[in-house]
Amino acid sequence: MHLKLGSLLGWTLILPTIPGTIASVSNGAQLESDQSLLWGTYRPNLYFGLRPRLPQSLMSGLMWFGTQDYTQFQNIRHDCSQSDNLDAYTWTEHDMRQGGVEIIKDGQNNVEIKIEWIKVPGGMHGGSWAARISGKPIVIGKPLRISMIYYFGLEGLGSLDWESEQDDDGVTEPVHLSGSTPDLGQFNIRIEDGPDNRFTKYGGRSEDFKSRIGKTHYFGTGMSAGDVWKAKEYLYQHLGYRAQAIIMPYKDEPVKPDPAFVITMGNTIARESNFYAVQKTYDGTFSFDVVFDSQSAGTKVDSATITHGIESFVSRFDREFQSRFPTRHDAPSDELAFSKAITSNLMGGIGYFYGSSIIDRAYKADWDQDEDDEEDQTVVKPEPKLQPPRSLLTATPSRSFFPRGFYWDEGFHLLLIGAWDNDLSLEILKDWVDLIDDDGWVGREQILGEEARSKVPEQFQAQYPSNANPPTLTMAVTAFIERLLSNRSGSGPTDEELGLGGDSQKVFASGGSNEYGNSKESNKHLHDHGLALSYLRSIYPPLRRHYDWFRSTQRGQIKAYARKARSRTEAYRWRGRTQDHVLTSGMDDYPRGPPHAGELHLDLISWMGFFTRTMKSIATFLGEKEDEAYFAEIEANILGNIEDLHWSEENEILV
């Protein structure tokens, strides 16, 4: 991989020294910040799913299938899947602290689904929230017959109870649930139809089902711990078994019952249920609300609140987005929509994951050994082992194909996330830093829990502590510092005094605006230097450990190949090399020539230069003088060795 040195090392950051006593962080301020991010669309692998940032708690999700024929039941939409062949699913607006709007176009079922989700702050348990889910035909004049399912499942301590009347034929009133958990307190849930809905009432054998037609159907069951993510599987079996029993008497009849009457839930609630699903089958345009009311908030979210809240959120989001990322005055209107969608889909791809991972501490790739290790010809067998569960808040590269955390991607994700919501980016960064183990290693791919593993072929599930990934998290630290500098008072030092003038480059500044937070919760660390200092002190030791791990495990050979360089230590080589791929580099299939234990990689030494400069700058800010000098010396050695080891005089390029 050939890179210009400036593209990686030009990102200079020098931190201002903050004089005086650092203000302490109050528990109340921290609690408030936590509450604003407790609930979210933290199940990005689903078309729409909500959960709190808690390891085992309440989770919810949306499913649907067409009822125009029986084959559509085989294609229940739930988790984002390329095989569903949807026309589109995209967040047009999204702010994890406030809400979002998602548009889903399912041409196969002729439905455009609009999901408008808002958060209502208040109380001590993350506040309340509501989702208005509506649908209309994509092609006017073509039938829209759809069955919509919304479910809630509780894992861990607490209770979740059905409060509505039970009827074997279904219910016509809004559905009510109640529950409580140690972390969420007491809460109420309501699922309520809009005023103009039309249920499916006409079709084959309608007279045989008239007592059930036009009603909401439901199903409650007990799920084993950790099984809520299998909701689709549970419901597919329940609906399928019922449908088989219902259709059997008609197998020899010329007129079969309409699928909308047959593929319905049984209106049963099992004892000790912790999972409830609600089904509504529509004919044409529809709308229904799902409301979660936290009792500690002291208010009830009604239809008018939702309508006003959605309008207010969309207007505020548009205003804040254009302030944060202004477009050209002559830009076409679709350019703004595209920009908003890019940002919103990144935010809507943030997930909270909890569970065990698989690590193989024995295996090494064929070319991972150094030349001086050749005498050891022992064949090491793979030893993948489950690790204790961990949690992670992270963005995801792809909701359908890669719905999990990737180290290489996350540093880039955090540049844009931080420009929109500084403190959310710091929460994510801190979760990644907390994954750094005692040796300084962090897995490049975070496959946490059974649900995440279900999306990964078995041969790719294990992570290897000999393998690295580009240390892009340091870019997030750099960007945070630059936002601090942009928000400093006018009496502070100049950019030139801080080393940020002249030719030095900056990481992802916000289009001409010095305001980065969209609410007081989103930029506390920018306006409170005490919080900023405390945060940097908390991540510095594990980042230092991570840095030392890189230097010791990804080193390259200089002396063994009689190479001439100013430094005898600063040379680097990616481990995890195969004949055709270097997955660890992030440039998976970039052509590099035949593998060899003596090769050196320009991209990795450049990343190490950037990592070193970042660590030096943090050390400067924290007053760690010895560390500052240590990193400065290594930085100089890296710069010298890039020239000595990678500059081709003949071709006049770095190689």
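The structure we're discussing is the one just above.
Remember, it's a predicted structure, so these values are computed and weren't measured experimentally. (Residues numbered from 1 in each chain as written. Predicted model: local features only at pLDDT ≥ 70, side-chain atom pairs only at ≥ 80, totals over all residues. Heavy atoms only, no water.)

Draft legend 1. Expanded view of the side chain of D106. Within the secondary structure layout, D106 lies in strand β5 (residues 99-106). Within the structure, the side chain of D106 is placed 3.0 Å from the side chain of W64, a separation counted as a polar contact. For D106, the residues in contact, after removing those within four places along its chain, are W64, R77, L86, D87, V111 and I138. (Helix = DSSP H or I, 4+ residues; strand = E, 2+ residues; numbered from the N terminus. Polar contact = N/O pair within 3.5 Å; in protein donor to acceptor, adjacent residues only side chain to side chain. Contact = heavy atoms within 4.5 Å.)

Draft legend 2. How the structure looks around the layout of surface pockets. Here the largest pocket is characterised by a volume of approximately 920 Å³. As for the largest pocket, its lining consists of 40 residues, and the residues nearest its centre are F406, R444, E445, F460 and L583. Of the residues in the lining of the largest pocket, the class split is 15 nonpolar, 15 polar and 10 charged. Estimates place the volume of the second largest pocket at around 660 Å³. Along its surface, the second largest pocket is lined by 33 residues, and G226, W229, E450, E451 and A452 are the ones closest to its centre. Considered class by class, the residues forming the lining of the second largest pocket number 14 nonpolar, 8 polar and 11 charged. (1 Å grid on protein atoms, 1.4 Å probe; cavity = no way out; pocket = protein on both sides within 12 Å on 5 of 7 lines; lining within 4 Å. Points joined across faces, edges and corners; volume = space filled by probe spheres on them. Nonpolar A, V, L, I, M, F, W, Y, C, P; charged D, E, K, R; others polar.)

Draft legend 3. The sheet that holds strand β2 (residues 49-52), seen in detail. Taken in spatial order, the 7 strands line up as β1-β2-β3-β8-β14-β12-β13 in an open sheet, and their pairing is mixed. A single partner strand is all that each edge strand has here, and the edge strands are β1 (39-40) and β13 (268-269). Pairing geometry for β1 and β2, over 2 bridges, is antiparallel. Within β2, the residue paired with W39 across the bridge is P52. (Pairing = 2+ DSSP bridges.)

Draft legend 4. Helix α5 (residues 303-324), seen in detail. Over its 22 residues, α5 runs 31 Å from end to end, which matches the ideal 32 Å to within 8%, given 1.5 Å per residue. Within α5 the residues assigned to the buried category are I306, G309, I310, F313, F317, E320, F321 and R324. Along the axis of α5, the buried positions cluster into a sector of 120 degrees, meaning they face one direction only. Facing away from the buried side of α5, by more than 90 degrees, are the exposed residues A304, H308, E311 and R319. (Expected span 1.5 Å × (residues − 1). Buried < 20%, exposed > 50% of the residue type's maximum accessible area, 1.4 Å probe, protein only. Arc of directions from axis to C-beta.)

Draft legend 5. Geometry of empty space enclosed by the protein. Evaluation of the coordinates by the stated rule reveals 3 cavities of 30 Å³ or more. Within this model, the largest cavity holds a volume of roughly 120 Å³. Every residue lining the largest cavity is listed: F199, T200, F209, R212, I213, G214, K215, H217, A260, F261, T264 and T281. Class assignment for the residues of the lining of the largest cavity results in 5 nonpolar, 5 polar and 2 charged.

Draft legend 6. Here's a closer look at the nonpolar core. Ranked by size, the top nonpolar core spans 122 residues in total, and within it L58, W64, W129, M148, F152 and I350 carry the most contacts. If one sorts the elements of this core by residue count, helix α13 (residues 602-622) sits on top with 12 residues. Those residues within four positions of W129 in sequence are excluded, and the remaining contacts are W39, L50, S60, W117, I118, K119, V120, Y150, F152, V290, V291 and F292. Residues L46, F219, L235 and A260 belong to the second largest nonpolar core, which totals 26 residues. (Core = buried A, V, L, I, M, F, W, Y, C linked by side-chain atoms within 4.5 Å.)

Draft legend 7. Representation of the pattern of salt bridges in the model. Inspection of the entire model under this criterion finds 33 salt bridges. Across the salt bridge formed by D289 and R132, the nearest N and O atoms sit 2.8 Å from each other. One end of the pair, D289, is in strand β15 (residues 286-294); the other, R132, is in strand β7 (residues 128-136), and 157 residues separate them in sequence. Judged by its relative accessible area of 14%, R132 falls in the buried class. (Salt bridge = Lys/Arg side-chain N within 4 Å of Asp/Glu carboxyl O.)

Draft legend 8. Spatial organisation of helix α12 (residues 529-553). For α12, with 25 residues, the first-to-last C-alpha span of 35 Å sits near the 36 Å given by 1.5 Å per residue. If you look at α12, its biggest bend is around 35 degrees, right at Y540, and the proline P541 turns up within four residues after that. You can read the cap of α12 off the contacts: a side-chain oxygen lies 2.9 Å from the backbone nitrogen of G530, and it is on D528. (Bend = angle between axes of the 7 residues up to and from the residue.)

Draft legend 9. A look at the environment of N641. With respect to the helices and strands, N641 occurs in helix α14 (residues 625-646). Taking C-alpha positions, N641 is 9.2 Å from T569, a pair spaced 72 residues apart along the chain. If near-sequence neighbours (up to four positions away) are discounted, N641 is found in contact with I558, A565, R566, S567, E570, I605 and H646. Polar contacts involving the side chain of N641 include one to the main-chain amide nitrogen of R566, which spans 3.4 Å.

Draft legend 10. The packing of aromatic side chains, seen in detail. In this structure the tally under the stated criterion is 38 aromatic pairs. Judged by centre distance (6.4 Å) and plane angle (50 degrees), the ring pair of F48 and W91 falls under tilted. A residue pair is termed long-range when its members are at least 10 positions apart, and F48 in the loop between β1 and β2 and W91 in strand β4 (residues 88-95) qualify at 43 residues. Neither residue differs from the other here; F48 and W91 are each classed as buried. Between F325 and W420, the aromatic rings sit 6.5 Å apart at their centres with planes inclined by 25 degrees, giving stacked as the arrangement. (Phe/Tyr/Trp six-rings, centres within 6.5 Å; stacked < 30°, edge-to-face > 60°.)

Draft legend 11. Representation of the packing of helix α10 (residues 473-486) against α12 within the structure. Axis separation between α10 and α12 bottoms out at 12 Å; the angle between their running directions is 165 degrees. On the basis of their axis angle, the class for α10 and α12 is roughly antiparallel. α12 is crossed by α10, and the crossing has left-handed handedness. Of the residues in α12, those touching α10 at V477, F480, I481 and L484 are H529, A532, Y535, L536, I539 and L543. Residue composition of the contact of α10 with α12, by class: 9 nonpolar, 1 polar and no charged. (Axes fitted to C-alpha atoms, helices over the stretch in contact; angles between N-to-C directions. Parallel < 35°, antiparallel > 145°, perpendicular 65-115°, else oblique. Left-handed = near helix turned anticlockwise from the far one by under 90°.)

Draft legend 12. Structural detail: unusual backbone geometry. In the Ramachandran plot, N110 falls in the positive-phi region, its phi being about 55 degrees despite a non-glycine side chain. Within the fold, N110 resides in the loop between β5 and β6 (111-120). Residue class for N110 comes out buried when judged on its relative accessible area of 2%. Unusually for a residue other than glycine, E272 sits at a positive phi of about 60 degrees. Locating E272 in the fold gives a position in the loop between β13 and β14 (275-283).

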